[in-house]
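Close look at the chain arrangement
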Amino acid sequence: MTLQTPTAPPVAAARVALAATGPGGLRVRQAATELGMPCLSAAVDDEPPEALVARALVAGCSLLHPGEASPARQLALARACRGTDLAFLGPRVALVEAMHDGGAIRTLLREAGVPLAEPEAPGRRVELAVLRDRLGRVRWLAVREPLTPALMRAPVPWLTPEQRAYLGQLASQGLAGLELCGLVTLGFSVQGNRLGFSDMRPGLTGWEALDEALTGLDVAVAQLRLACGDRLRDRQAALAPRGHALQWRCFPPPDVGLSGGPGLRLDRAGVEDGEARLLAWGRSREEAQRRARRGLTELLGAERAAAMMAPLRPA
């Protein structure tokens, strides 16, 4: 994320305006609080960009965080920040435009030597989050697989360690020529033994808890640090995933919660009948799945839990 101002504010001096509510906004607020950064929340999730920028400037904010906004929403926010004293925490406008366009970002990565997925060929989607600092250092995180729109798992069990490392190397190669500092997620299609790039998304996606469980890295904190000019300090080897993790997006009744216990976490913004995110992890896939079943059953009941676990059954 190349900030849209000449210099990035130091972490201690930064005041963040947040263009998100719900669980996505919650994670950014938590990260900002840990870093001692005051945070101005959005009035509503789709607050008009110009209105949010105006409120942020009156409040003395120096950064605008898009939360987990789509590329289209981020593009509108980045454009609204241009010509103001508010820095957009994301890629420069031209790169957001390329990611939103889809074809443009594929062209850029093809020119960097990254193989592209064949649009018409069937393939299995995988993705990974990648961090890049102002010095050009790149660190990739766990390769993950969407099993349904509401379920993601990591790491991908049917990829070999060599294939996972190759995906990380392709991501690093693709970002090398881009003027980018911060967090992006790259999507790939696996067609037999062929791996091809398909798309890129800026910033947080809502699946970062998988990386937090498997690597110990708080991605939301790292994103804010990079935006304020910090550098990546972890070696790539230190970010190798340990264990297995599953994350669901679900809508449990507002008066239902988890009883606790190891390997389970529930993120909920406190909005009645709103989205919650259940994370389950363990040393093995079996352990992670046992914990997930217990958590889903407590939240949604045994019948619904069984239905949400069904995509994990071997084909």
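Everything below is about the structure printed above this text.
First, a word on what this report is: a plain description of the structure on this page. (Residues numbered from 1 in each chain as written. Predicted model: local features only at pLDDT ≥ 70, side-chain atom pairs only at ≥ 80, totals over all residues. Heavy atoms only, no water.)

1. As for the packing of helix H2 (residues 49-58) against helix H3 (residues 71-81)
It is at 9 Å that the axes of H2 and H3 come closest, and there the two elements cross at 50°. Put simply, H2 runs oblique to H3. Taken as a pair, H2 and H3 cross one another with a handedness that is right-handed. Between H2 and H3, the residues in contact are Pro49, Glu50, Leu52 and Val53 and Arg73, Ala76, Leu77, Ala80 and Cys81, respectively. Taken together, the residues of the contact of H2 with H3 sort by class into 7 nonpolar, no polar and 2 charged. (Axes fitted to C-alpha atoms, helices over the stretch in contact; angles between N-to-C directions. Helix = DSSP H or I, 4+ residues; strand = E, 2+ residues; numbered from the N terminus. Parallel < 35°, antiparallel > 145°, perpendicular 65-115°, else oblique. Left-handed = near helix turned anticlockwise from the far one by under 90°. Contact = heavy atoms within 4.5 Å. Nonpolar A, V, L, I, M, F, W, Y, C, P; charged D, E, K, R; others polar.)

2. Things to note about the sheet that holds strand E13 (residues 276-282)
Strand order in the open sheet formed by 5 strands is E7-E8-E11-E13-E12, with antiparallel pairing between adjacent strands. Of all the strands in the sheet, just strand E7 (145-148) and strand E12 (264-268) have a single pairing partner and so form its edges. Shown here is a sheet whose adjacent strand axes are inclined to one another by a mean of 20°, direction ignored. Alignment of E7 against strand E8 (residues 151-154), held across 3 bridges, turns out to be antiparallel. Within E8, the position partnered with Thr148 by the bridge is Leu151. In the packing of helix H9 (residues 285-300) onto the sheet, contacts are made with strand E11 (244-250), E12 and E13, and the angle to E13 comes to roughly 150°. (Pairing = 2+ DSSP bridges.)

3. Points about the sheet that holds strand E4 (residues 87-88)
With respect to topology, 4 strands assemble into an open sheet ordered E2-E1-E3-E4, the strand pairing being parallel. With partners counted over all chains shown, the strands left at the sheet margins are strand E2 (39-40) and E4, one partner each. Note: strand E3 (residues 63-65) against E4, 2 bridges, orientation parallel. Paired with Leu64 across the strands is Phe88, a residue of E4.

4. Observations regarding the pattern of salt bridges
For the coordinates displayed, the defined rule picks out 22 salt bridges. Between Arg277 and Glu275 there is a salt bridge, with the nearest N and O atoms lying 2.8 Å from each other. Residue classification places Arg277 among the buried positions, given a relative accessible area of 7%. Sharing partners across several salt bridges, the network here consists of Arg27, Glu212, Asp218, Arg265 and Asp267. (Salt bridge = Lys/Arg side-chain N within 4 Å of Asp/Glu carboxyl O. Buried < 20%, exposed > 50% of the residue type's maximum accessible area, 1.4 Å probe, protein only.)

5. As for H2
For H2, the full list of buried residues reads Pro49, Leu52, Val53 and Ala56. Each buried residue of H2 lies within a common arc of 100° when the element is viewed along its axis, so the set occupies one face. Looking at H2, the residues exposed on the side facing more than 90 degrees away from the buried face are Glu50 and Val58. The secondary structure elements touched by the buried residues of H2 are strand E1 (16-18), E2, E3 and H3. (Arc of directions from axis to C-beta.)

6. Quick word on the pairing of E8
Two faces, one strand: in a regular strand the side chains alternate between the faces of the sheet. Neither face of E8 is left uncovered, since the one carrying Leu151 and Arg153 and the one carrying Met152 and Ala154 both have all their residues buried. Sheet analysis places E8 next to E11, joined by 4 bridges and oriented antiparallel. Bridge assignment links Ala154 to a residue of E11, and that residue is Ala245.

7. Topic: the packing of aromatic side chains
This structure, assessed with the given rule, holds 1 aromatic pair. Geometrically, the ring pair formed by Phe188 and Phe197 is edge-to-face, given 5.9 Å between the ring centres and 80° between the ring planes. Across the pair, exposure class does not vary: Phe188 and Phe197 are buried alike. Looking at Arg249, its charged tip hangs above the ring of Trp207, at a distance of 4.4 Å from the centre. (Phe/Tyr/Trp six-rings, centres within 6.5 Å; stacked < 30°, edge-to-face > 60°. Lys NZ or Arg CZ within 6 Å of the ring centre and 35° of its normal.)

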